[in-house]
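So you can see what is in the structure, the chains are spelled out below.
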Amino acid sequence: MKRTFLRRIFVLLVIGVAAVTAPTAYAADEAPDELIKRLLSDVLDTIKHDKAMKAGDTAKLVALVDSRIMPNVDFPRMTASVVGPTWRQATAEQQKRLQEEFKILLVHAYAGAFAQLKDQTITMKPLKGAAEDKEVLVRSEIKGSGEIVQLDYRLEKTPGQGAGWQIFNLSVQGVWLVETYRSQFAQEIYAKGIDGLIETLSERNKANGKKA
């Protein structure tokens, strides 16, 4: 049951993250909800017409996810949030390993989710907040297969010239991804410590790699 639920979250997260795979210039000039709405149809259309992806070419999907999607996720912030308070107790090397393994875990999860994307449509909710806000909550509804799913995601605007938006958390039907993973990771840390969590993630990633 839990695996099915998490797979559902990953599928919808792919939709959310894929929607911000854009050149930085666009991200800097557009509101986050407008950016997502404009790009989503292009991304889904690309997947639809890619024969290799539709045939389940995992290696190609993994490469696509790693090169186009992952740069739009704030991994340092997301990993620290997922690990929770224990993150501050980890050494620099442990933090580095956790971030690397967590990224690999998500890359494979996203790649697998791509194969499940069908004919979905998205409806954006009005964006609340001020133009100068550095963090925003983008709310939307995903419609497909006769059901409507509430998809909300938090984005932050990165500083500097040509700043763009990056995702650092996402909610499906009110359940936030970071909090869901935090609960799982906390159990591993309690039972095996930080190194034990790293080892568990590494073993899971190796298993996923063999399937690619």
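Residues numbered from 1 in each chain as written. Predicted model: local features only at pLDDT ≥ 70, side-chain atom pairs only at ≥ 80, totals over all residues. Heavy atoms only, no water.

**Q** Sorry, what's going on with helix 6 (residues 75–83) here?
**A** Along an α-helix, a turn takes 3.6 residues, which lines up residues three or four apart on a common side. The complete set of buried residues in helix 6 reads F75, M78, T79, V82 and V83. Projected down its long axis, helix 6 carries its buried residues within an arc of 125°, all on one side. (Buried < 20%, exposed > 50% of the residue type's maximum accessible area, 1.4 Å probe, protein only. Helix = DSSP H or I, 4+ residues; strand = E, 2+ residues; numbered from the N terminus. Arc of directions from axis to C-beta.)

**Q** How should I be thinking about the nonpolar core in this particular structure?
**A** The tendency in soluble globular proteins is for nonpolar side chains to be buried side by side. By size, the foremost hydrophobic cluster in this structure holds 23 residues, and its most contacted members are M78, V82, L98, F102, Y181 and F185. Of the residues forming this core, the biggest block, nine residues, is contributed by helix 8 (residues 177–211). Setting aside residues up to four positions removed in sequence, L98 forms contacts with T79, V83, W87, I194, L197, I198 and L201. V149, L151, W165 and I167 belong to the second-largest nonpolar core, a separate cluster that totals 13 residues. (Core = buried A, V, L, I, M, F, W, Y, C linked by side-chain atoms within 4.5 Å. Contact = heavy atoms within 4.5 Å.)

**Q** Would you mind showing me how to read the packing of helix 6 against helix 8 here?
**A** When two helices pack together, their arrangement is given by the angle between the helix axes and by the axis-to-axis distance. Interaxial distance between helix 6 and helix 8 falls to 7 Å at its minimum, and their mutual angle equals 55°. As the angle between them shows, helix 6 and helix 8 are arranged oblique. For the pair formed by helix 6 and helix 8, the contact residues are M78, S81, V82 and V83 on the first element and V178, Y181, R182, F185 and I189 on the second. Its residues placed into classes, the contact of helix 6 with helix 8 shows seven nonpolar, one polar and one charged. (Axes fitted to C-alpha atoms, helices over the stretch in contact; angles between N-to-C directions. Parallel < 35°, antiparallel > 145°, perpendicular 65-115°, else oblique. Nonpolar A, V, L, I, M, F, W, Y, C, P; charged D, E, K, R; others polar.)

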